[in-house]
4 protein chains.
Amino acid sequence: MSVEKILIPDVLAHRYASQEMCYIWSAHGRVLIERELWIAVMKAQRDLGVDIAVDAIEAYERVKNQVDLESIDQKERISRHDVKARIDEFCELAGYEQIHKGMTSRDLTDNVEQLQILKSLHLVRKKYTAALNSLSQWAHRYQNLMMVGRTHNVPAQPTTLGKRLAMFGQEMLQAFLRLEELIDNYPMRGLQGAVGTQLDQWVLLNNNTDALKELGERVRHHLGFTKVFNAVGQVYPRSLDYEAVSSLYGLSSGISSLARTLRLMAGQELVTEGFQKGQVGSSAMPHKMNMRSCERINGFHSILNGYTNMLMGISGDQWNEGDVSCSVVRRVAIPGAMYTMDGQLETLLTVLNEMGFYESVIDQELSKYLPFVTTTTILMEAVRRGSGREEAHEAIKTNAIEVVRAMRSGESTINDLPQRLAADSRLPLNEDEIRAVLQDSKRFVASSAAQVNGFVKQVEDILNKYPEAKEYQPAPLI
Amino acid sequence: MSVEKILIPDVLAHRYASQEMCYIWSAHGRVLIERELWIAVMKAQRDLGVDIAVDAIEAYERVKNQVDLESIDQKERISRHDVKARIDEFCELAGYEQIHKGMTSRDLTDNVEQLQILKSLHLVRKKYTAALNSLSQWAHRYQNLMMVGRTHNVPAQPTTLGKRLAMFGQEMLQAFLRLEELIDNYPMRGLQGAVGTQLDQWVLLNNNTDALKELGERVRHHLGFTKVFNAVGQVYPRSLDYEAVSSLYGLSSGISSLARTLRLMAGQELVTEGFQKGQVGSSAMPHKMNMRSCERINGFHSILNGYTNMLMGISGDQWNEGDVSCSVVRRVAIPGAMYTMDGQLETLLTVLNEMGFYESVIDQELSKYLPFVTTTTILMEAVRRGSGREEAHEAIKTNAIEVVRAMRSGESTINDLPQRLAADSRLPLNEDEIRAVLQDSKRFVASSAAQVNGFVKQVEDILNKYPEAKEYQPAPLI
Amino acid sequence: MSVEKILIPDVLAHRYASQEMCYIWSAHGRVLIERELWIAVMKAQRDLGVDIAVDAIEAYERVKNQVDLESIDQKERISRHDVKARIDEFCELAGYEQIHKGMTSRDLTDNVEQLQILKSLHLVRKKYTAALNSLSQWAHRYQNLMMVGRTHNVPAQPTTLGKRLAMFGQEMLQAFLRLEELIDNYPMRGLQGAVGTQLDQWVLLNNNTDALKELGERVRHHLGFTKVFNAVGQVYPRSLDYEAVSSLYGLSSGISSLARTLRLMAGQELVTEGFQKGQVGSSAMPHKMNMRSCERINGFHSILNGYTNMLMGISGDQWNEGDVSCSVVRRVAIPGAMYTMDGQLETLLTVLNEMGFYESVIDQELSKYLPFVTTTTILMEAVRRGSGREEAHEAIKTNAIEVVRAMRSGESTINDLPQRLAADSRLPLNEDEIRAVLQDSKRFVASSAAQVNGFVKQVEDILNKYPEAKEYQPAPLI
Amino acid sequence: MSVEKILIPDVLAHRYASQEMCYIWSAHGRVLIERELWIAVMKAQRDLGVDIAVDAIEAYERVKNQVDLESIDQKERISRHDVKARIDEFCELAGYEQIHKGMTSRDLTDNVEQLQILKSLHLVRKKYTAALNSLSQWAHRYQNLMMVGRTHNVPAQPTTLGKRLAMFGQEMLQAFLRLEELIDNYPMRGLQGAVGTQLDQWVLLNNNTDALKELGERVRHHLGFTKVFNAVGQVYPRSLDYEAVSSLYGLSSGISSLARTLRLMAGQELVTEGFQKGQVGSSAMPHKMNMRSCERINGFHSILNGYTNMLMGISGDQWNEGDVSCSVVRRVAIPGAMYTMDGQLETLLTVLNEMGFYESVIDQELSKYLPFVTTTTILMEAVRRGSGREEAHEAIKTNAIEVVRAMRSGESTINDLPQRLAADSRLPLNEDEIRAVLQDSKRFVASSAAQVNGFVKQVEDILNKYPEAKEYQPAPLI
């Protein structure tokens, strides 16, 4: 154990998040974003009359990609001030001292962090769209595969596998809508000064309020925001961070419900997340195909819950024009939440790539329960053929109870309700007629396929907006 | 203690929420909403060919306001089934048995609860608009009143009182935008049946998928939703409840920041929430004007946090097509959150009606700190008049340090920095010139007034959309 | 809708909590506790020299059970002060004015609420002990019933049903330990006055600090606390409320894990929560035995999470000597949490009374998976009989993979691995020998029974401390 | 941006936690703990008859400190299995293959992580004791310094500065008690095998249940736990992780209340956290002494809230014998919480080292408000000297109201109530007599000093248990 501080990597970034997401939040990536901001401000200031030479701006642009973190660290160790160290580094490289004019530290950091958030949300949107695309393909493929639908975790009515998947897709779509709204309306803090009155920029622009407004608009436009806040304090309202991260929790909910249901289905041997890797588990236990990735997806959901709560703690807690009680919280929770969401999406995309359904087991389960879940249809048929409703109902009920008893007690391993009903003189149906009812699967799944088509259509609309998502492939999981 | 169960009123409904909000969630109000839903469904079913007589529908409509909770309770005590009891009651009153055709319990309850949520959100929107209106009037009134802006809870730079209020209004506006999006996109679950395949309605409509879709649209339109879900299970995704309540937490954040800052300001005697009730506290302690209502506002914020967390627990936890693990949670958290938000808004509106600012104390505080927070301007003036920058800076610094020392040690009770600077031969400014700098308040508050105007304008746009909010007045607080 | 405010019952108290818990938190129950406190204080004050007549104390004691809430309400409507109304009522009844001497409102309310909390915790302890008792009986009954143990929700290794139940009992025991510590160390706030300096009692006791201490001790002892705080402010630290309610979340965790696993087991038809009510579900769907109570138990867990979070929001947020920002939060969260815990325990006790396991289905499941989960033992046997390890391993693996493939593809519905292995010439075991391995169940469950015995013993120790729990029976669920 | 994954350091570990805490959770530190566990198990196994040579154990012990993370990583890249890589590394170094006998991965990882938790809690206990020590010294120093006590953030009654500090110390003591209970009762999971039946160890020990128990006890004792769980599954109950981290939230609450109050006091210029660094802020703003460290302390509190919530999400969610849905959550939340608590304590210790109070400003504030907060005493004096109670009360009230009005309106800057009361003919007191009342400070602070002494005594008892805490000094903050 050396004297140098032990380096502990961020576990979410290191093990789960993608290179692309990590880069946004890395020291290197942040320096680049900062420099973009400074350049954007200089350009706007110059256009509005501040005395900054074109040569200076060009000099900064030339060197902006020369990021030497070690050199910055050395400067910080001397000045004990991180922003100053990065200003000095950039100025030394460029040979000018023209950046950061009329700016406070927060004019830099708040806006840079918002840009990191916005870039992260864009990345999330792309991957979420990719996941919807993949899920919609699965739903489409299985839109007519009838299976046992379950409520209270026990068989209830038939559905189709495609419809079940579309159901979770529906939850994802709802959250996706929120994400789009958030991105479309995400306001930049702007250059607001120490208490939000924009004093220093205003002075710099000769007390010209119109120019001040124009400055804000130009910087905003340059950086890709749709709006800039009108009136904030030293900091932008921290409930905006809550909005951003709580939207991730929403995005994670449909994914998490899907993963939880896949885990339940694995318990019935209906699905495996490792189908593409071969149909068997470890050599010691070939039957055992653990849903580790789906479990991990649910774990990510709990993590997002925690990060959302961290940000809830600093929302609605602004004292006067602000302070730094939120600082350490945001440092932990915002990138943490982004890595988690990213890791969850990478994991989901892998599951969607590699999973497979055991159609035969799905059929076996259906055979076992279909006679139970279709008794109301059989009753209707019996009545249609002249049976008295009460008598028919009683006949079905007694036989069904007997079948349940026999199966639960171990007397019988198959559901022979159709045979029993055929044999019951109170009912005017023979076994073939009953089997015919059971096999008319379309009848039991009602609008399932139509709903799947509706889902597929909604996803197509999104893909048309973000076509780059079609190509996205997750990195291999650790 | 009688054998009859002790009646414990819901504390939020009883003490804090308004009559209007309570009604939406009352047993009585709920029965009415249910009956509206049943009638809407019958009408749509009849239009689409289901055999329901016009007379029957009319009969239900005639009696729909006859709500006898005691009679319903008696029926429930016999049948042990709450939905059945309410069906029977309504049918007995009407003399028909035509409601609830092809509907499951959840087809009723999920949609009814969504309607309660939607009505609650409309009410919240109205009151929030009223609060923005009142806050914007305060901001406008004080847009030019210079005061000490604080960061880290200590004086930083001047701002105006109006600008400070607009700053919290800005946070409220951001959350309001989210509320509007939520209401505009809030999808109704629809008549989806036991596992979401719409089996029973589909059979009822002769397996006609188009008619099924039309049924959904008609009911949706009748009830005032903008959308209906395409594909859900036994229940709609519970993350939608999270979305609704988490938006309330967002709404509460700006309010909570405002309340917290008012409490801080009361500690400096700058504000009282009881100004309209006379400027003094209790006779025993006339100086003591407790910010009880603002404290309560902050308390409501923590409660909303808890309800949001309850709903986070059931988001992303759907098992297959659903179950009732969410049921008790939703029963507690959704109305609880609505009462809380309503109570917070009632409290806020009362504070906004009754509060007042001590302008003289605001001025005193400013006098005390202005010389400190304007030293950079004095420095600029000194340099403009020929002083060397380094020498002037040193002169200001040493004098300022001396003033701080004298005031903190009790030697001096006033800030005599202007006199000291005037007396310092290193600076070419006399006391009048320094005082002139200090009095040029517009100079220090920069774009404060312009920002207030921007805020007022944004609120006006909202008021134009929801003009009924202008008249809203809170009920007296307990 | 009358002008009178609609009465909305507290849903948790009304539907789920027991009469006994509701009484503690009812207006009536609270008045009684308050009067107990006042009387305790008077007695102690008198003993320490304050001029209070014995007759007065006796008069108060005589009338203390005469609780007329309507009369108190009328007084409050006039005075607008709730504590004053209750003082006046009690004094009028007694014909004296001797209570509340030297006490502030918080000296009354904080201590009263702590007493409500303590009484609630005692009640929780009794019911939790009853639940442990019942669970331990189940564990004991099934300590040797071998079943499929699952990890990742898929079969892993055999366990016994009793051991599985003891495993959840273990989690409950751990939390129970915490509850006992909490009760044993729960400190009373005491009579601390407006800012915690005990000014008024100190003056009342002639500035006698020893008498002041003695006063605290006497009141504490009279009310049944083990400790009194040494130094608090206007209020006791609100993190103590967090401690109390977070311990409930701990208590709820083992219960919740158990309920969740029972729901999973119901999905395999291994268990029903309605066994005692007959082995079948509704007449329409006799196979369908919904785990509604277990689902509700999980719902209660999410509610407790939310209440814990409400109290987290007021922990660590004390401003100076305190204020009422915590007030509305505590009003909602503390009784709410107690009702929830109580309702969860009532529900659990009902489940434990009425549930049943389908031993035959447990056996069927075991038959299906036992050959897989015991392959390592078969390997050992083969090696013991002279087989080469590598060859035997390969033989088992290929056969197992083939069985899995056959079963998943629908070719085979039973696990014929034993036959296949017997037929494989690479292995020196015949089918009888393999079956013998499979039937030697004690061999596979190792220390299961011993662990169950350990659990039973630990529960016995608790029952010996709280024998009244043995008789406790839950009220019927709604 | 290279192909190699960007390394992002854990921000909490890197910036805030101490070297000692980081080491416990570092890869290096973890390897050492694992090796300790393996050696402890081998020794116990050997003692109980398992065939392991003494030489082998000695060989492992000799090399246990040779940790080459790069070599382990290389092995993991090949085997794709982290535990196997570390087994192989250790065996290669020792030249034997005797470790990990009869152990599953969780037998290793769960126990190792518990040991990390336990070591972390010990470290927290030491630093918390150090903080209590420092706080108690401050309280003792100022036990008699009278100051304005505030409720609702406005002046209420006098207290002493020492008493105020002891009040927060009281909250800390309560949480400390919980920490001690937790450490004293923290149970080790033990070697429980794949589903908790201890199958593999049981076979290894020739089906000897007593030996199995003894094995558990020996390993437990060797590692320093007080207990071992009797019956768990694949994993120990995750609510134990919740218990551990929720206790940190409790520990953080008193600290957070203290920090929040110090921030409020800084707003009144009563305190600075940088007193030891010189009494002035930056040269530009010498009056501005930001409470950044106290703000950070409050931020840490919100972070702990979030980590507690992450663990709440996996408590009560065990499926059958367990799975890895908790894995990623624990990886993030447990070390995260430990770094946070550690960082908060380091920050607190620094604040306690460097802060200072402005006694003169405290006096000035007291002078301003004392006449108000002592009116009841003046009333008593007036009555004692023959004044009619009603008349005296009216006189005090009208004068006090007038003073408030004058001060708030700016007419008067000092509290001249004493003069006014002296001049009022309705009161029989002259100014000297009134001043005498005001100066009798002991009278107003009642038991303040006694409470401080009580607090100091409680802290002494703790220091006697953990004397190493006396010497602890925090590392410099970043």
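Residues numbered from 1 in each chain as written. Chains lettered and ligands numbered in written order. Predicted model: local features only at pLDDT ≥ 70, side-chain atom pairs only at ≥ 80, totals over all residues. Heavy atoms only, no water.

**Quick word on the overall build of chain A**
Here is step 1 of the chain: Along the backbone of chain A there are 20 helices and six strands.
Here is step 2 of the chain: The globule rule puts the C-alpha radius of gyration for 478 residues at 23 Å, and the 30 Å found for chain A is more than 25% above it.
Here is step 3 of the chain: Taken over the C-alpha atoms alone, chain A extends approximately 100 × 55 × 40 Å along its principal axes.
Here is step 4 of the chain: The buried share among the 478 residues of chain A stands at 66%.
Here is step 5 of the chain: Residue pairs at least 24 apart in sequence account for 79% of intrachain contacts in chain A once pairs closer than 6 positions are excluded.
Here is step 6 of the chain: For chain A, the distance from the average position of its 53 positive side-chain charges to the average position of its 60 negative side-chain charges is 3 Å. (Helix = DSSP H or I, 4+ residues; strand = E, 2+ residues; numbered from the N terminus. Rg over C-alpha atoms; globule rule 2.2 N^0.38 Å. Buried < 20%, exposed > 50% of the residue type's maximum accessible area, 1.4 Å probe, protein only. Contact = heavy atoms within 4.5 Å. Lys, Arg positive; Asp, Glu negative; His and termini not counted. Charge placed at Lys NZ, Arg CZ, Asp CG, Glu CD.)

**Examining the side chain of Glu 273 of chain B**
Residues and elements named next belong to chain B.
Here is step 1 of the chain: Tracing the backbone shows Glu 273 in the loop between β5 (271-272) and α12 (292-314).
Here is step 2 of the chain: No salt bridge is formed by the buried Glu 273; its nearest oppositely charged neighbour, Arg 292, is found at 7.1 Å.
Here is step 3 of the chain: At 2.6 Å, the side chain of Glu 273 and the backbone nitrogen of Ser 293 are in polar contact.
Here is step 4 of the chain: A distance of 3.0 Å separates the side chain of Glu 273 from the backbone nitrogen of Cys 294, its partner in a polar contact.
Here is step 5 of the chain: The residues contacting Glu 273, other than those within four sequence positions of it, are Asn 290, Met 291, Arg 292, Ser 293, Cys 294, Val 351, Glu 354 and Met 355. (Salt bridge = Lys/Arg side-chain N within 4 Å of Asp/Glu carboxyl O. Polar contact = N/O pair within 3.5 Å; in protein donor to acceptor, adjacent residues only side chain to side chain.)

**Here's the deal with the pairing of strand β1 (residues 146-151) of chain B**
Residue and element names in this part refer to chain B.
Here is step 1 of the chain: Extensive coverage of β1 is indicated by the burial of six of its six residues.
Here is step 2 of the chain: Relative to strand β2 (residues 154-160), β1 is paired through six bridges, and the arrangement is antiparallel. By the bridge assignment for β2, Met 147 is matched with Thr 159.
Here is step 3 of the chain: Between the antiparallel neighbours β1 and β2 lie two residues, among them His 152 with a positive phi of about 55 degrees. (Pairing = 2+ DSSP bridges.)

**Observations regarding the packing of helix α3 (residues 27-47) of chain B against helix α4 (residues 54-63) of chain B**
All names here are of chain B.
Here is step 1 of the chain: Their axes nearest at 10 Å, the elements α3 and α4 cross at an angle of 165 degrees. When the axes of α3 and α4 are compared, the pair comes out roughly antiparallel. Crossing hand, α3 versus α4: left-handed. Taking contact as the criterion, the partners of Arg 35, Ile 39, Met 42, Lys 43 and Arg 46 in α3 are, on α4, Val 54, Ile 57, Tyr 60, Glu 61 and Val 63.
Here is step 2 of the chain: Broken down by class, the residue content of the contact of α3 with α4 amounts to six nonpolar, no polar and four charged. (Axes fitted to C-alpha atoms, helices over the stretch in contact; angles between N-to-C directions. Parallel < 35°, antiparallel > 145°, perpendicular 65-115°, else oblique. Left-handed = near helix turned anticlockwise from the far one by under 90°. Nonpolar A, V, L, I, M, F, W, Y, C, P; charged D, E, K, R; others polar.)

**Examining the packing of aromatic side chains**
Residue and element names in this part refer to chain B.
Here is step 1 of the chain: All chains considered together, the criterion is met by 42 aromatic pairs over all chains.
Here is step 2 of the chain: Judged by centre distance (4.8 Å) and plane angle (65 degrees), the rings of Tyr 60 and Phe 90 are edge-to-face. With Tyr 60 in helix α4 and Phe 90 in helix α6 (residues 82-94), this pair connects stretches of sequence that are 30 residues apart. Take Tyr 60 and Phe 90: they sit in the same class, and that class is buried. (Phe/Tyr/Trp six-rings, centres within 6.5 Å; stacked < 30°, edge-to-face > 60°.)

**A look at the relation of the copies chain D and chain C**
Here is step 1 of the chain: Between chain D and chain C, the superposition needs a rotation of 180 degrees and an axial shift of 0.0 Å, giving an RMSD of 0.1 Å. These values place the two chain copies in the arrangement generated by a two-fold rotation axis.
Here is step 2 of the chain: When the interface residues of chain D are mapped onto chain C, 100% of them again lie at the interface, so the same face is used by both copies. (Least-squares fit on C-alpha atoms with pLDDT ≥ 70 in both.)

**Observations concerning the interface of chain D and chain C**
Here is step 1 of the chain: Facing 83 residues of chain D, the contacting portion of chain C comprises 83 residues.
Here is step 2 of the chain: Carbon and sulfur atoms supply 54% of the area that chain D and chain C bury against each other, a total of about 6,800 Å² over both sides.
Here is step 3 of the chain: Applying the counting rule to chain D against chain C returns six salt bridges.
Here is step 4 of the chain: In this structure, Arg 260 of chain C and Asp 317 of chain D form a salt bridge, with 3.0 Å as the shortest nitrogen-oxygen distance.
Here is step 5 of the chain: Between the two partners, chain D and chain C, sit 52 residue pairs in polar contact (both at pLDDT 80 or more).
Here is step 6 of the chain: For the side of chain D that touches chain C, the class distribution of residues is 28 nonpolar, 39 polar and 16 charged. (Buried area = accessible area lost by both parts, 1.4 Å probe.)

**Some points on the confidence of the model for chain A**
Here is step 1 of the chain: Overall, the predicted model of chain A reaches an average pLDDT of 93, with 97% of residues at or above 70.
Here is step 2 of the chain: Across the interface, the model reports ipTM at 0.95; the global pTM reads 0.97. (pLDDT = per-residue confidence, 0-100.)

**Section: the packing of helix α3 (residues 27-47) of chain A against helix α10 (residues 209-223) of chain A**
Residue and element names in this part refer to chain A.
Here is step 1 of the chain: Contact geometry for α3 and α10: axes closest at 9 Å, N-to-C directions at 140 degrees. Taken together, the axes of α3 and α10 are oblique relative to one another. In the packing of α3 onto α10, the handedness of the crossing is right-handed. Each of Glu 36, Leu 37, Ala 40, Val 41, Lys 43, Ala 44, Gln 45 and Asp 47 in α3 lies in contact with α10, whose residues at this interface are Leu 215, Arg 218, Val 219, His 222 and Leu 223.
Here is step 2 of the chain: A per-class count over the contact of α3 with α10 returns seven nonpolar, two polar and four charged.

**Notes on the interface of chain A and chain C**
Here is step 1 of the chain: Facing the 46 residues of chain A at the interface are 46 residues of chain C.
Here is step 2 of the chain: Both faces combined, the contact of chain A with chain C buries some 3,900 Å², and carbon together with sulfur accounts for 53% of it.
Here is step 3 of the chain: It is His 152, His 287 and Arg 408 of chain A in chain A that bury the most area against chain C; as a group they hold 22% of the surface buried on that side.
Here is step 4 of the chain: The interface formed by chain A and chain C contains four salt bridges.
Here is step 5 of the chain: Our count for the contact surface shared by chain A and chain C stands at 18 residue pairs in polar contact (both at pLDDT 80 or more).
Here is step 6 of the chain: Those elements that provide at least two residues to the side of chain A that touches chain C are β1 (146-151), β2 (154-160), α11 (239-267), α12 (292-314), α14 (359-373) and α16 (389-409) of chain A.
Here is step 7 of the chain: The biggest single contributor to the side of chain A that touches chain C is α16 of chain A, with eight residues.
Here is step 8 of the chain: Taken together, the residues of the side of chain A that touches chain C sort by class into 21 nonpolar, 16 polar and nine charged.

**Structural notes on the relation of the copies chain A and chain C**
Here is step 1 of the chain: Its rotation angle being 180 degrees, the transformation that places chain A on chain C also includes 0.0 Å of axial translation and leaves an RMSD of 0.0 Å.
Here is step 2 of the chain: Of all interface residues in chain A, 100% are interface residues in chain C too; the two copies therefore contact each other through one and the same surface.

**Some details on the state of the cysteines**
Here is step 1 of the chain: Counting across every chain of the model gives zero disulfides over all chains.
Here is step 2 of the chain: With no disulfide partner, Cys 326 of chain C has as its closest neighbouring cysteine sulfur the one in Cys 294 of chain B, 15 Å distant. (Disulfide = S-S within 2.5 Å.)

**Structural notes on unusual backbone geometry**
Here is step 1 of the chain: Positive phi is not limited to glycine here, since Asn 206 of chain A has a value of about 55 degrees.
Here is step 2 of the chain: Its identity is not glycine, yet Asn 153 of chain B carries a phi of approximately 65 degrees, on the positive side.
Here is step 3 of the chain: With respect to the helices, strands and loops of the structure, Asn 153 of chain B is situated in the loop between β1 and β2.

**Section: the side chain of His 301 of chain B**
Here is step 1 of the chain: Here His 301 of chain B shows up in helix α12.
Here is step 2 of the chain: The buried category is assigned to His 301 of chain B, whose relative accessible area is 4%.
Here is step 3 of the chain: In contact with His 301 of chain B, not counting residues within four places along its chain, are Ser 315 and Gly 316 of chain A together with Tyr 249, Ser 252, Ser 253, Ser 256, Arg 260 and Gln 344 of chain B.

**Observations concerning helix α5 (residues 69-79) of chain A**
Residues and elements named next belong to chain A.
Here is step 1 of the chain: Those residues of α5 that sit buried are Ser 71, Ile 72 and Lys 75. Take α5 and look down its axis: the buried residues cluster within an arc of 100 degrees, on one side only.
Here is step 2 of the chain: In this structure, the buried side of α5 is in contact with α3 and α6 (82-94).
Here is step 3 of the chain: You can read the cap of α5 off the contacts: a side-chain oxygen lies 3.2 Å from the backbone nitrogen of Glu 70, and it is on Asp 68.
Here is step 4 of the chain: Arg 80, located one to two residues past α5, shows a positive phi value of around 55 degrees. (Arc of directions from axis to C-beta.)

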